[in-house]
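A look at the structure
Residues per chain, in single letters:
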Amino acid sequence: MRDAHAIRSRRPGLSVGALIIAGVVLVAIGAAGAWLQRDAPGRSAQPRTEFTASNPPAGLPIALTTGRHLHWSRCTSPPTARRSYDCAVTKAPLDYRKPDGRTIDVALIRRKAAGPNARRIGSLVLHFGGPGVSGVSGLPEYLDQYKPLLDRYDLVSFDPRGVGATIPVRCGKTADDTGYDGADARAEHSGAHLPYIGTSHTARALDLMRYLLGDERLHYFGVSYGTALGAVYAHLYPSHVGRLVLEASVDPTEDLNEEQLSQVKAVQAAFDRFAAHCAARISHCPNGEGPEEAARRMACLSDRLEIEPAPAGGGRNLDADDLAYTVSDYLDLGTDGWSPLAKAQRVLGPHRRRHVRRPADRTARPRPRLYPNPNPSCPGRPRPDATIG
């Protein structure tokens, strides 16, 4: 199976960006309801049981497996993880074809299970999408979406190789530069690592993490690109698969252009469903009488924000690109996002005086096109040469 470098996250979290909620795959022992079951919150007074696995990944030197444990300590970064989270680093081969050769450090983060010790199943490893999304930063940022799972699991995430604290790829001119200065800069600063950054390498690191976490089988929750990683893991280690959730699965046979086109089509279909519902059920719907009118109005709004961005709080502004991301983020919430999306559209009316609130989850991804090319006859559309007061 090829590496999935071309796949891009729509956004991390339970609902990720361009609305392809293609399905949830459960490879589990027992029903999904059993492991989502909740008890009263609060930590158990019983001593915590530390699990030990007896099936190390095949082909790795004993120096990386036998007698090794993850040494967890209080996280020092990111700032959101300095309370209630533990961090650790483990060694993994740089090149799995030469497992006795050079090693790299893989950064992990954990939030311990909060339920009774007797009910704890083990660790649930979360991957929030990408490629290029840090799990160490992502777990504290998106924890609220996964809190019910703390009843029975330690929630664990990690920085995949090339990201964050795990041999990060550098494409800028300086170490602190997060910009992209071209392929030459990337090759100069990170060229030695590039051949070893990919889905299959990350999947092999996942199996080493599983063993060091003490689980005989990997329990895994993958979002967007994380579904591709989970599928590769299941292909490589079918006997080590535990409870596996692949949310919004991507098609690994698509190239980048095909994958982006699929996302855009899905966002447009979701927007049309929202527009039809808004016209029929939401009072003071800002979209008019249905999807066609809604698309025209959205194009006009985008055209206006391109010239005069709206305040979004914290000194930020919301422009046309932000609008596309924000609308798709609300649509990602399913029907729960329809009412707040209509409200946000009303806030963005001709007399924009209030701040526009965006859903919390967002990362870099292709800009979805939610509407046709802007109509120059939009009511109230400022001329490109107009002065905005």
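Residues numbered from 1 in each chain as written. Predicted model: local features only at pLDDT ≥ 70, side-chain atom pairs only at ≥ 80, totals over all residues. Heavy atoms only, no water.

1. Observations regarding the packing of aromatic side chains
Tallying each qualifying case throughout the model produces 6 aromatic pairs. Residues F128 and Y142 carry aromatic rings whose centres are separated by 5.6 Å and whose planes lie at 50° to one another, so their mutual orientation is tilted. With F128 in the loop between strand 5 (122-127) and helix 2 (135-142) and Y142 in helix 2, the pair connects residues that are 14 residues apart, well separated along the chain. Here F128 falls in the buried class, since its relative accessible area comes to 2%. (Phe/Tyr/Trp six-rings, centres within 6.5 Å; stacked < 30°, edge-to-face > 60°. Helix = DSSP H or I, 4+ residues; strand = E, 2+ residues; numbered from the N terminus. Buried < 20%, exposed > 50% of the residue type's maximum accessible area, 1.4 Å probe, protein only.)

2. Description of the packing of helix 7 (residues 291-307) against helix 8 (residues 320-332)
Two elements in contact, helix 7 and helix 8, have axes separated by 7 Å at closest approach and are oriented at 140°. By the angle class used here, helix 7 and helix 8 are oblique. On the side of helix 7, the interface is formed by M298, L301, S302, L305 and E306, while helix 8 contributes A320, L323 and V327. (Axes fitted to C-alpha atoms, helices over the stretch in contact; angles between N-to-C directions. Parallel < 35°, antiparallel > 145°, perpendicular 65-115°, else oblique. Contact = heavy atoms within 4.5 Å.)

3. Overview of the nonpolar core
V125, F158, L206, M209, Y220 and Y233 are the most contacted members of the largest nonpolar core, which has 33 residues in total. Within the residue set of this core, elements represented by two or more residues are strand 3 (86-93), strand 4 (103-111), strand 6 (153-158), helix 4 (199-213), strand 7 (218-223), helix 5 (225-236) and strand 8 (241-247). In terms of residue count, helix 4 provides more of this core than any other element does, 8 residues in total. Aside from chain neighbours lying at most four places away, what touches Y220 is L124, V125, H127, L206, G226, L229, G230, R243, L244, V245 and L246. Counting 24 residues, the second-largest nonpolar core is a separate cluster that includes M298, L305, A312 and L318. (Core = buried A, V, L, I, M, F, W, Y, C linked by side-chain atoms within 4.5 Å.)

4. Brief notes about the pattern of salt bridges
In the structure shown here, the tally under the stated rule is 11 salt bridges. When the shortest N-O distance is used, the salt bridge between D86 and R110 registers 3.1 Å. Taken together, the residues span a long stretch of sequence, with D86 in strand 3 and R110 in strand 4 at a distance of 24 residues. The buried category is assigned to R110, whose relative accessible area is 7%. Where R97 meets D95, a salt bridge forms, and the shortest distance between an N and an O atom there is 3.1 Å. (Salt bridge = Lys/Arg side-chain N within 4 Å of Asp/Glu carboxyl O.)

5. Quick notes on the state of the cysteines
Following the criterion strictly, the structure yields 2 disulfides and no others. Each sulfur of the disulfide joining C75 and C87 lies 2.0 Å from the other. In this structure, the disulfide formed by C75 and C87 twists by about 100° around the S-S bond and is classed as right-handed. Here C75, found in the loop between strand 2 (73-74) and strand 3, pairs with C87, found in strand 3; they are 12 residues apart in sequence, far enough to count as distant. C75 gets classed as buried once you look at its relative accessible area, which sits at 3%. (Disulfide = S-S within 2.5 Å.)

6. What about the pairing of strand 5?
A large share of strand 5 lies buried, amounting to 6 of its 6 residues. Where strand 5 and strand 6 come together, 4 bridges link them in parallel fashion. The partner of L124 across the bridge, within strand 6, is L155. Traced from strand 5 through helix 2 to strand 6, the parallel crossover comes out right-handed. As paired strands, strand 5 and strand 7 are joined by 4 bridges and run parallel to one another. Pairing of H127 across the sheet is with G222, part of strand 7. (Pairing = 2+ DSSP bridges. Right-handed = clockwise from strand over helix to strand, strands pointing away.)

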